[in-house]
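Okay, here's what each chain looks like letter by letter:
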Amino acid sequence: PLPAPAGPGVMLDHASGVVIGGTAVVGSDVYMLHGVTLGATGKPMHGAKRHPTIADSVTLGAGATVLGDILVGSGVTVGASAVVTRAVPEGSTVVGVNKVLDGSQRPPSEAGEEDDYTWFYDI
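Residues numbered from 1 in each chain as written. Predicted model: local features only at pLDDT ≥ 70, side-chain atom pairs only at ≥ 80, totals over all residues. Heavy atoms only, no water.

1. With respect to the nonpolar core
Counting 21 residues, the largest nonpolar core has Met32, Leu38, Ile54, Leu60, Val66, Val72 and Val78 as the members making the most contacts within it. Sequence-distant contacts of Val72, defined by excluding residues within four places in its chain, comprise Thr53, Ile54, Ala55, Val58, Val66, Val78 and Val88. (Core = buried A, V, L, I, M, F, W, Y, C linked by side-chain atoms within 4.5 Å. Buried < 20%, exposed > 50% of the residue type's maximum accessible area, 1.4 Å probe, protein only. Contact = heavy atoms within 4.5 Å.)

2. Concerning the environment of Val76
Along the chain, Val76 falls in the loop between β9 (71–72) and β10 (77–78). Val76 gets classed as buried once you look at its relative accessible area, which sits at 0%. When the C-alpha atoms of Val76 and Thr93 are compared, they prove to be 5.7 Å apart, with 17 residues separating the residues in sequence. Ignoring anything within four residues of it in the chain, the contact list for Val76 reads Ser57, Val58, Thr59, Val88, Pro89, Glu90, Gly91, Ser92 and Val94. (Helix = DSSP H or I, 4+ residues; strand = E, 2+ residues; numbered from the N terminus.)

3. Some words on the sheet that holds strand β5 (residues 37–39)
Taken in spatial order, the four strands make up an open sheet running β2-β5-β8-β11, and their pairing is parallel. Edge strands, defined here as strands with exactly one partner in the open sheet, are β2 (19–20) and β11 (83–84). Of the pairings in the sheet, the one linking strand β8 (residues 65–67) to β11 comprises two bridges and is parallel in character. Paired with Val66 across the strands is Val84, a residue of β11. (Pairing = 2+ DSSP bridges.)

4. Overview of the pattern of salt bridges
Opposite charge on two side chains lets them pair, provided their charged atoms get close. In total, this model carries one salt bridge according to the counting rule given. With a closest N to O distance of 3.4 Å, Lys49 and Asp69 form a salt bridge. With Lys49 in the loop between β5 and β6 (53–54) and Asp69 in the loop between β8 and β9, this residue pair connects regions lying 20 residues apart in the sequence. Note on Asp69: relative accessible area 46%, which makes it partly exposed. (Salt bridge = Lys/Arg side-chain N within 4 Å of Asp/Glu carboxyl O.)

5. Overview of the sheet that holds strand β7 (residues 59–60)
On the basis of which strands lie adjacent, the open sheet formed by six strands has the order β1-β4-β7-β10-β12-β13 and mixed pairing. Looking at the sheet topology across the chains shown, the edges are occupied by β1 (11–12) and β13 (99–101). Pairing geometry for strand β12 (residues 93–95) and β13, over three bridges, is antiparallel. Note that in β13 the partner of Val94 across the bridge is Val100.

6. Observations concerning unusual backbone geometry
In the Ramachandran plot, Ser57 falls in the positive-phi region, its phi being about 60 degrees despite a non-glycine side chain. With respect to the helices and strands, the residue Ser57 is situated in the loop between β6 and β7. The partly exposed category is assigned to Ser57, whose relative accessible area is 42%. One non-glycine residue, Asn98, lies in positive phi territory at about 55 degrees. Counting through the fold element by element, Asn98 comes out in the loop between β12 and β13. Taking the relative accessible area as the measure of exposure, Asn98 reaches 18% and is therefore buried.

Written out as structure tokens, the structure is:
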């Protein structure tokens, strides 16, 4: 069982190295790859919630780190090795360190076709 409240349909794919803090909340249908950390920032919170809340239908890429009492909104994709320390609006994509992308920042597709999985990479 997870050390924090979690909704139905949570998948820990290749679950090695996953860290979920005791006050984290994980919504339903969350897809989490290996090496994900849902942790605290390390600053004293004097008994308050220290870990993130992950809403429904979120994808957390391999090695993603989400720190602090923040909300990652529904349908968010957190890219591999991303670091998130600020709230993320629903439906967004986060890459790097707190870099939030929205649909308008997607590069145009050369072939005129794109999907939800390959738009950011030249595959």
